[in-house]
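# Notes for the structure review
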2 protein chains.
Amino acid sequence: MTEFLQRLRDQLGAAGLLEGSDLAAYENDWRKRYIGRALAVARPASTDEVAAVMRLCHEHRVAVVPQGGNTGLVGGSTPDDSGRQLVLSLTRMKRVRAVDVFNASLTAEAGCVLAEVQAAAAQAGMLFPLSLAAEGSCTLGGNLATNAGGTQVLRYGNARELCLGLEVVTASGEVWHGLSGLRKDNTGYDLRDLFIGSEGTLGIITAATLKLYPQPKDRLTALAACVSLEDAVSLLGLARQRAGDALTGFEVMNRASLALVARELPQLAQPLAAADWTVLLELSDAESAEHARGVFEGLLEAAFERGAVQDAAIAQNLQQAKSFWHLRESIPLAQAQAGLNIKHDISLPVSAIPGFVAEMDATLAAYLPGIDVIDFGHLGDGNLHYNVQAPRGVAPAGFLAAHEAAINEKVYDAVQRRGGSISAEHGIGRLKRDELAARKDPTALALMRSIKRALDPLELLNPGRLV
Amino acid sequence: MTEFLQRLRDQLGAAGLLEGSDLAAYENDWRKRYIGRALAVARPASTDEVAAVMRLCHEHRVAVVPQGGNTGLVGGSTPDDSGRQLVLSLTRMKRVRAVDVFNASLTAEAGCVLAEVQAAAAQAGMLFPLSLAAEGSCTLGGNLATNAGGTQVLRYGNARELCLGLEVVTASGEVWHGLSGLRKDNTGYDLRDLFIGSEGTLGIITAATLKLYPQPKDRLTALAACVSLEDAVSLLGLARQRAGDALTGFEVMNRASLALVARELPQLAQPLAAADWTVLLELSDAESAEHARGVFEGLLEAAFERGAVQDAAIAQNLQQAKSFWHLRESIPLAQAQAGLNIKHDISLPVSAIPGFVAEMDATLAAYLPGIDVIDFGHLGDGNLHYNVQAPRGVAPAGFLAAHEAAINEKVYDAVQRRGGSISAEHGIGRLKRDELAARKDPTALALMRSIKRALDPLELLNPGRLV
């Protein structure tokens, strides 16, 4: 290790290698669920330096934990507590290498903060649509390594669908120059999509070429009240039909989640009377706000006629549109104020969601009367945050200790039975690795392990994560 | 082999195994460029039977050539002439297993003809947008194995982007049950996209869950004349900005290609005066034909003002819209009538296309005066069919024999220099395998070969293709 560290120092210089005791920002995840200890933190400034680090690690058999903004939720980007894993931070690689307006693409390095990528696109009059809560600190490399989702998936897809090409350093320190700006390329296996979402276990993404979109002329938001989740699904179908891809948001909130917001954040206006399900719809219009308003009015009228919607409000201005979104985005905060809870980031076929929710709500009510299900999420993507709060008057910590494992099992069993996923957008990391091993199709697991062995035979890349 | 064939007969029965001398339909590709000889043709009727066949092949070390509609262009789905490869035809597996309107998805078996999949979607009031010339005979399995493109890629993407989940039989006869209808699922490596486009070399796709879309309310088509390819690229940017995803077609045709159509197919009306570049635009509108017409008028007006367009015609009715498309689709026929030519299915960043065309046109004119470049294709996808016709008066066969290799090298060199692809949508198969080995990034090739070894260590799956 002494020789390895010396060679690393020679390679990277003082700015490129952090050693010693003050590495906590790199060693612990931001939720402080994983407290680790790093051998050192390498901070290469270029792809060549990343490759040189990997060649040294390969030669000395040192395990590497790639890290971006360290905003992950599943313990995927911090070292274990052995003190033998090298953190490889990409945060110094933050150049936007090129913006190509005519090809509607942008090439940026892995360490770029997502908001900086969005800003570079906007400066060129274009849109990079990936958007999520951590965008001010998460990095492009992390977004791609975890196939990030966020609030614009319904229209633009996950990070994977926004990427045209990658530059990747392999476990042995080779560089794959795959920064293609092509929309069509059938010359071999889809390596790009294999690295995307592999959580740093197959290679290190150092740069990416991304898709840009035209900026929409205007955005318009509406709230709608439904008596059932079936009606919300029916409204989704109608909205897709009438608005096509102008529909960029379709979020649902159950009665309990808005009641919780009313209790915990009473200063927030709730424009509609409480309903079993409240839907937030967003249109991004290529023409004008007036056009979007016309589409919304036609859509809501049709939905009223069909009986799918009981009440609705279209935002009258940007301020009000923001307040609608703020309501939706305040649910996690209201939950945090109310105390610890059990979170699930699940996805299901959209058609299976009403049945799942009815069954789970009944199962949990029977299991523990008074239990509070805070159910909200991206219905358009089939992605629910099905969170479970302690019955009122019960201490959250004790509730979690006593019931978390049992409730997780009930929820994941029901998800699995209906062909759903136990991690829609947060990934696996360390948190769900055993759950994945227990629940994933065994042939898929065997294929994944074969691929891992083929691309990282010495298990140097983020060992103990994902597979 | 005798024992193997006997066990295969026992497994599949008479309907499931074709032997003897009358197998030409399975042994030769439809363009008759690859004449092969099969050991036999297995025609399993279910996923379990496919798995049983693969287990037998694995045990007896028999190589398998998976085959769908046998409409490929690169020799990827017919056996070599050794008589030792088993053709595995999926054409008996043609059940549409499920249509889920609320989830906007459809599950079908690999042997379904593409047109049947489209029809099943239409019957449910939805659209499955994959569309290509061979749709009456190509199969879903082949479409996915080759990541087919076609005429709707600009808006809906290639086959890969239209697929949510797969069922796959591995080289050792295991079944991966991955028929997910999920739009978000971050539980491990992206096996789906690895199998899609792998041309039968990593596993056998037996069924898929596909994305459906709302049927557009109406389609509208226009032709526009541009004085340069730069103007056509500028028109594309403008069209994207104003029409958003309603823009479903953006095809270009150079002067020579429409002149060839005028010579060979004089009965076809050409609505615009000859121009250096003619663009075909298609809008698929979620609202109405009137709305689409308004968008077109606004777009073309802005393009005139900007000087990007010199002349334009919007189709007045469905009949005329069809005749615009027919003009574009008749170019290959006009080429065939004019005699053999050298075809290239290339892609480039859209921004690089004008420079590439200017350079190549000049290079070829200098190389062989009088040479005729028939250049047309999906500009919106960066995909050109840059085809080269013999100078008039020169016999095509002799022209090809003398110049094909040299011209291919010039074209592919220029494509490679600009970060393009030598196979945008047709794949690699046997035809371009050596070209790929010579031109692909060496790290990418090494990664591809590692994956092939990991998933098919005995080289049973479509050996000699792609990698």
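Residues numbered from 1 in each chain as written. Chains lettered and ligands numbered in written order. Predicted model: local features only at pLDDT ≥ 70, side-chain atom pairs only at ≥ 80, totals over all residues. Heavy atoms only, no water.

### Topic: the sheet that holds strand β2 (residues 38-42) of chain B
Residues and elements named next belong to chain B. Ordered in space as β1-β2-β4-β3, the four strands form an open sheet in which the pairing is mixed. One side of each edge strand has no neighbouring strand; the edge strands of this open sheet are β1 (17-18) and β3 (64-67). Sheet topology places β2 next to strand β4 (residues 85-89); four bridges connect them, and they run parallel. Among the inter-strand pairings, V41 is bridged to a residue of β4, identified as V87. Against the sheet, helix α3 (residues 47-60) makes contact with β3 and β4, and its axis sits at roughly 170 degrees relative to β4, the strand it touches most. (Pairing = 2+ DSSP bridges. Helix = DSSP H or I, 4+ residues; strand = E, 2+ residues; numbered from the N terminus. Contact = heavy atoms within 4.5 Å. Axes fitted to C-alpha atoms, helices over the stretch in contact; angles between N-to-C directions.)

### Digging into the relation of the copies chain A and chain B
In screw terms, the move from chain A to chain B is a rotation of 180 degrees and a rise of 0.0 Å along the axis, fitting with an RMSD of 0.0 Å. In the structure described here, the two chain copies are related by an operation that fits a two-fold rotation axis. In this assembly the copies share their binding face: 99% of the residues contributing to the interface of chain A also contribute to that of chain B. (Least-squares fit on C-alpha atoms with pLDDT ≥ 70 in both.)

### Quick look at the UniProt feature "domain: FAD-binding PCMH-type" (unreviewed entry) in chain A
Mapped onto this numbering, the UniProt entry gives "domain: FAD-binding PCMH-type" (unreviewed entry) at residues 34-215 of chain A. Within the segment residues 34-215 of chain A, helix and strand shares are 21% and 26% respectively, and the terminal C-alpha atoms sit 39 Å apart. (UniProt positions renumbered as here; feature names shortened; annotations may be inferred.)

### Regarding the side chain of N143(A)
Positionally, N143(A) belongs in helix α5 (residues 140-145). Apart from the residues lying within four places of it in its own chain, the contact partners of N143(A) are L114(A), L130(A), L132(A), C138(A), A148(A) and A159(A).

### Let's talk about helix α8 (residues 229-243) of chain B
Residue and element names in this part refer to chain B. Here α8 spans 20 Å end to end across 15 residues, near enough to the 21 Å set by a 1.5 Å rise per residue. For α8, the tally of buried residues reaches eleven of 15 residues, placing the bulk of the element in the interior. Capping the start of α8 is the job of one residue whose side-chain oxygen sits 3.4 Å from the backbone nitrogen of E230: S228. (Expected span 1.5 Å × (residues − 1). Buried < 20%, exposed > 50% of the residue type's maximum accessible area, 1.4 Å probe, protein only. Polar contact = N/O pair within 3.5 Å; in protein donor to acceptor, adjacent residues only side chain to side chain.)

### A closer look at the interface of chain A and chain B
The interface is formed by 83 residues belonging to chain A together with 82 residues belonging to chain B. Regarding the contact of chain A and chain B, the summed buried area is about 6300 Å², with carbon and sulfur atoms giving 57% of it. In this structure, R155(B) and D245(A) form a salt bridge, with 2.3 Å as the shortest nitrogen-oxygen distance. Our enumeration of links across chain A and chain B arrives at 42 residue pairs in polar contact (both at pLDDT 80 or more). For the side of chain A that touches chain B, the secondary-structure elements that each account for two or more residues are α6 (153-156), β9 (175-178), α7 (191-195), α8 (229-243), α10 (289-306) and α16 (442-455) of chain A. For the side of chain A that touches chain B, the element with the most residues is α16(A), which contributes nine residues. Along the lines of polarity and charge, the residues of the side of chain A that touches chain B split into 31 nonpolar, 32 polar and 20 charged. (Buried area = accessible area lost by both parts, 1.4 Å probe. Salt bridge = Lys/Arg side-chain N within 4 Å of Asp/Glu carboxyl O. Nonpolar A, V, L, I, M, F, W, Y, C, P; charged D, E, K, R; others polar.)

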